[in-house]
Amino acid sequence: MDHLDETLGEGWSVLLSGHAHVVTDPDELAEVRALGVEPWAAGSRDTYIRFTPTVITGRRIRAA
């Protein structure tokens, strides 16, 4: 589940399908590094993955 609001008892689930590749091109690496994206988990990460979604689906989830 992507997010659940405990107060409202509802949330969202989102699924993306598409194409991904490891970024290795020096110009593309410079571009993604300039975005300032930080990993959720602690520690440094040296690998960047570019993901291009082709299908996005989702649904609202409500507590019974």
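Because the structure is a prediction, the values reported are computed rather than measured.

### Looking at a nonpolar patch on the surface
And step 1. On the surface, a nonpolar cluster with roughly 480 Å² of combined accessible area is contributed by Trp12, Val14, Leu16, Phe51 and Ile56.
And step 2. Elements represented by at least two residues in the nonpolar patch include exactly strand E2 (10-22) and strand E3 (49-62).
And step 3. Per element, the largest residue contribution to the nonpolar patch is three residues, and it comes from E2.
And step 4. Mapped onto the secondary structure, Trp12 falls in strand E2.

### A short note on the pattern of salt bridges
And step 1. Inspection of the entire model under this criterion finds three salt bridges.
And step 2. Residue Glu28 is joined to Arg50 by a salt bridge in which the shortest nitrogen-to-oxygen separation is 2.5 Å. Of this pair, Glu28 sits in helix H1 (residues 26-33) while Arg50 is found in strand E3, placing the two residues 22 residues apart along the sequence.
And step 3. Taking relative accessible area as the criterion, Glu28 reaches 17% and is therefore assigned buried.
And step 4. Overall, the relative accessible area of 28% leaves Arg50 in the partly exposed class.
And step 5. Here Arg50 ties to Glu31 by a salt bridge, and the two come within 3.4 Å at their closest N and O atoms. Of this pair, Arg50 sits in strand E3 while Glu31 sits in helix H1, placing them 19 residues apart in sequence.

What counts, and where the lines are drawn
Residues numbered from 1 in each chain as written. Predicted model: local features only at pLDDT ≥ 70, side-chain atom pairs only at ≥ 80, totals over all residues. Heavy atoms only, no water. Patch = residues over 30% accessible without salt bridge, like charges linked within 9 Å, V, L, I, M, F, W, Y side chains within 5 Å. Areas by Shrake-Rupley, 256 points an atom, 1.4 Å probe, with all protein chains shown as cover. Salt bridge = Lys/Arg side-chain N within 4 Å of Asp/Glu carboxyl O. Helix = DSSP H or I, 4+ residues; strand = E, 2+ residues; numbered from the N terminus. Buried < 20%, exposed > 50% of the residue type's maximum accessible area, 1.4 Å probe, protein only.

Purely geometric stuff here, so don't read any function into it on its own.
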